[in-house]
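Now for the letters of each chain:
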Amino acid sequence: MGAVHELSEQARDSLTRGGVAMNTQARERFYGLGWWRDSTVIDDFGKAWRRLPEKDALVTNRTEDGTSERKSYGEYAALVERAAGALVELGVEPGDVVSVQMPNWWQFNVMLLATFRAGASFNPILPAHRKRDVRFVTDLLGSKVLVLPERFRRFAYAEMARELVAEGNQVGKVVIVGGTPQGEELSFEEFVLGHPWEEVHAAELARRRADPDQLAELMFTSGTTGEPKGVAHTHNTQFARARSIFQTLGLTSEDVAFVPSTVAHSTGLVYGCITPAMFGMKAVYQDIWDAEAALEIIEREGVTWSFVTTTFVVDMIRAQERSPRDLSSLRYLVCGGAAIPPAVAIQAKDVLGTRLMAVWGMTENGAVTCTQPAEHLLEAAESDGRPCPWMELKVVDPDTRQALGPGEVGELMARGASQMLGYIKRPSLTAHAFDDQGWFLTGDLARLDAQGHLRVTGRLKDIIVRGGENIPVAEVEAALYEHPDLLDVAVVAYPDDRLGERACAFVVQRPGRQVTLEDRTAYLDGLGVAKVYWPERVEAISEMPYTLTGKVKKFELRALAEQSREREGKDVDQ
């Protein structure tokens, strides 16, 4: 049982700055059950590097120039201490915000832990974000420091930062990685790493300590419409999110993590940066996704596990079929963001020799559910797992909020130790996201079986209601995915005057194949899928539009479906 200390002034100040509040009753419960603790990842990292100073900690693979860099745990720790001293030199105080927009390079990890070491809050910004988003985030947070590369993937980040400053952005200091600073900008290599700041500010660093209840991570959801929402996590909610995977899989310092997902997203940060640092694992990074290169990295580095999207898994299966590698070290691929078709789970075992583990979670609460290693192979295709002991789930009627029974589909609600405290400086958004019992309204449609297995069936806003009949989108997609001539599938709604909505299936076909509406109808009929669930239209596209986090941009597909219907006229009922 964990001891419950009084909330410190440092933590209170941090929460006040973020515009969120701590639930005192829940906090006492989580500490009492050992789900929260009086330590942070910095404490874990300290133990790891002292135990394993010579071990590889970070392996960065840069796609554009083909280089690879390695940092041992001893080097990693020295870099973190120096960068933390540099932050002190720049006037960063406990509770201040450091924003970092970086690819999957070791400099990101150093700034992450250095920010925590200095007692500040870390704000990762997705590399895909441009001036508008970066301005919004740094203005809202009042970022004391912004760290970004000179250039990556043909985009000039330093130039973007200069434009922001010229237009009045109030970011404190801009630090450029791998480039030549201009004006008041600073060089990461020359300023941050080029001076013994850990000695200059040794006394101050000795006084600094990250409070486990202060805001650690301020991450903005990558929505495609509307204002981004900043998700506020403490060191303790970060710890609860991290342990959902390492506890389920039984990970140790002997494991090697492969990290192709962007480290500026929740998945990459928590499971690709925090988890390895906690245990002393070797973490291997890829900055631009390439399946062929990924398999080479896995073979070369002896990778044992990775947290990826289902799309990445499919890419890896095809790459392995084309040119087999020795992947015998790879035990687990953890998949989130989309349902896993049964064929993919089987092919992952047969072709990659690994086990797929399904998870469900959000930026707001991490990986809440996970399938178990002892369960049968297809469990990952049949459910999204069971919740961690420190998280609760329930399914309710979206209109009445009454709890539904096993097998009934409704809105999924969650609460527990890995749940965010709220949305940064947006009390109205926070109020709408939680009910008076602390349950978070996820916006996902799902069902729970009698044993507690979760199955997400779609999003409330993505639901298709055809003539009063709710279409289980995820299940129809999974069925169509099994079609031998299809590489990818997404089903979306489009408006209909008589039925309200109809369904359109967007498909990516295998080269040289052509799937007609009749083919689809016959295939679903053969699988025994109810006729009322069959999409009325099939649209072939060259590739599926995905977000950086592996989710289909269904808003784009809905617009395409509506445009196609308008061009071709009315549909005929089946």
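In the block above lies the structure referred to throughout.
Residues numbered from 1 in each chain as written. Predicted model: local features only at pLDDT ≥ 70, side-chain atom pairs only at ≥ 80, totals over all residues. Heavy atoms only, no water.

(A) Quick peek at the overall build of the protein. In terms of helices and strands, the protein carries 20 helices and 26 strands. Relative to the 2.2 N^0.38 estimate, which gives 25 Å for 574 residues, the radius of gyration of the protein is 24 Å and therefore close to what a compact globule would have. Seen through its principal axes, the protein has C-alpha atoms that stretch 75 × 55 × 50 Å. For the protein, the residues scored as buried account for 57% of the 574 residues in total. Residue pairs at least 24 apart in sequence account for 69% of intrachain contacts in the protein once pairs closer than 6 positions are excluded. Total accessible area on the protein stands at roughly 23000 Å², and carbon and sulfur atoms take up 49% of it. Here the protein contributes 63 positively and 82 negatively charged side chains, and the mean placements of these two sets differ by 1 Å. (Helix = DSSP H or I, 4+ residues; strand = E, 2+ residues; numbered from the N terminus. Rg over C-alpha atoms; globule rule 2.2 N^0.38 Å. Buried < 20%, exposed > 50% of the residue type's maximum accessible area, 1.4 Å probe, protein only. Contact = heavy atoms within 4.5 Å. Areas by Shrake-Rupley, 256 points an atom, 1.4 Å probe, with all protein chains shown as cover. Lys, Arg positive; Asp, Glu negative; His and termini not counted. Charge placed at Lys NZ, Arg CZ, Asp CG, Glu CD.)

(B) The arrangement of the packing of aromatic side chains in detail. Tallied over the entire structure, the rule returns 17 aromatic pairs. Judged by centre distance (5.7 Å) and plane angle (85°), the ring pair of W105 and F152 falls under edge-to-face. In this pair, W105 sits in the loop between β3 (97-100) and α5 (106-117) while F152 sits in the loop between β5 (145-149) and α7 (157-166), placing the two residues 47 residues apart along the sequence. Taken together, a centroid distance of 5.2 Å and an interplanar angle of 45° make the contact between F191 and W197 tilted. Look at W197 and you get buried, because its relative accessible area is 10%. Cluster of aromatic residues (ring-pair linked, three or more members): F30, Y31, W35 and W36. R62 extends its terminal NZ or CZ atom over the ring of W105, reaching a point 3.6 Å from the ring centre. In this arrangement the basic side chain of K71 is found over the ring face of W106, its NZ or CZ atom lying 4.5 Å from the centre. (Phe/Tyr/Trp six-rings, centres within 6.5 Å; stacked < 30°, edge-to-face > 60°. Lys NZ or Arg CZ within 6 Å of the ring centre and 35° of its normal.)

(C) Layout of the state of the cysteines. Within this structure, the stated rule accounts for zero disulfides. With no disulfide of its own, C335 lies 10 Å from the sulfur of C370, the closest cysteine sulfur. Residue classification places C335 among the buried positions, given a relative accessible area of 1%. No disulfide involves C370; its sulfur sits 7.5 Å from the nearest other cysteine sulfur, which is in C388. (Disulfide = S-S within 2.5 Å.)

(D) Here's a closer look at the pattern of salt bridges. The final tally for this structure, using the stated rule, is 36 salt bridges. With a shortest N-O distance of 2.9 Å, E301 and K282 are connected by a salt bridge. Pair noted here: E301 is in helix α13 (residues 291-301) and K282 is in strand β11 (residues 282-286), with a separation of 19 residues, a long-range link. The residues E301 and K282 share a single accessibility class, namely buried. Note that D384 is salt-bridged to R455, the shortest N-O span being 3.8 Å. Separated by 71 residues along the polypeptide, D384 in the loop between α16 (379-382) and β16 (386-387) and R455 in strand β21 (residues 454-459) bring together distant segments of the chain. (Salt bridge = Lys/Arg side-chain N within 4 Å of Asp/Glu carboxyl O.)

(E) The sheet that holds strand β24 (residues 486-496), seen in detail. Taken in spatial order, the three strands make up an open sheet running β24-β25-β26, and their pairing is mixed. Each having just a single partner strand, β24 and β26 (537-540) make up the two edges of the open sheet. Averaged over all pairs of adjacent strands, the angle between their axes in this sheet comes to 25°, without regard to strand direction. By the bridge criterion, four bridges tie strand β25 (residues 500-509) to β26 in an arrangement that is parallel. What sits directly across from V507, in β26, is A540. The sheet contacts of helix α18 (residues 473-481) involve β24 and β25, and relative to β24 the element is tilted by about 145°. (Pairing = 2+ DSSP bridges. Axes fitted to C-alpha atoms, helices over the stretch in contact; angles between N-to-C directions.)

(F) Examining the pairing of strand β12 (residues 305-308) more closely. Neither face of β12 is exposed, since W305 and F307 on one face and S306 and V308 on the opposite face are all buried. Bridge count for β12 against strand β13 (residues 332-335) is four bridges, and the pairing is parallel. For V308, the partnering residue across the bridge sits in β13 and is C335. Handedness of the crossover joining β12 and β13 through helix α14 (residues 310-322): right-handed. (Right-handed = clockwise from strand over helix to strand, strands pointing away.)

(G) Fine view of the nonpolar core. Grouped together as the largest cluster of nonpolar side chains are 129 residues, with contacts concentrated most on Y76, F108, M111, L113, F116, I245 and W305. The dominant element in this core, judged by the number of residues it contributes, is helix α4 (residues 73-89), at ten residues. Ranked by size, the runner-up nonpolar core spans 30 residues in total, among them V256, V308, F312 and V313. (Core = buried A, V, L, I, M, F, W, Y, C linked by side-chain atoms within 4.5 Å.)

(H) Representation of the packing of α4 against α5. Two numbers describe how α4 lies on α5: the axes approach to 8 Å, and their chain directions differ by 60°. As the angle between them shows, α4 and α5 are arranged oblique. By crossing handedness, the relation of α4 to α5 is classed as right-handed. Where α4 approaches α5, its residues Y76, L79, V80, E81, A83, A84 and L87 are matched on the opposing element by W106, N109, V110, M111, L113, A114, T115 and R117. (Parallel < 35°, antiparallel > 145°, perpendicular 65-115°, else oblique. Left-handed = near helix turned anticlockwise from the far one by under 90°.)

(I) Seen up close, the side chain of R162. Mapped onto the fold, R162 is located in helix α7. When its relative accessible area of 15% is taken as the criterion, R162 is described as buried. Leaving out residues up to four positions away in the same chain, R162 has contacts with E150, T180, Q182 and E185.

(J) Examining the environment of N61 more closely. Along the chain, N61 falls in strand β1 (residues 56-61). Distance from N61 to V134, taken between C-alpha atoms, is 26 Å for residues 73 residues apart in sequence. Here the side chain of N61 touches Y285 through a polar contact of 3.0 Å, landing on its backbone oxygen. Here the side chain of N61 touches R300 through a polar contact of 3.0 Å, side chain to side chain. (Polar contact = N/O pair within 3.5 Å; in protein donor to acceptor, adjacent residues only side chain to side chain.)

(K) Quick peek at unusual backbone geometry. Look at R153: it is not a glycine, yet its phi comes out positive at around 55°. R153 gets classed as partly exposed once you look at its relative accessible area, which sits at 48%. The phi torsion at R401 lies on the positive side, around 65°, for a residue other than glycine. In this structure, R401 sits in the loop between β17 (391-396) and β18 (410-416).

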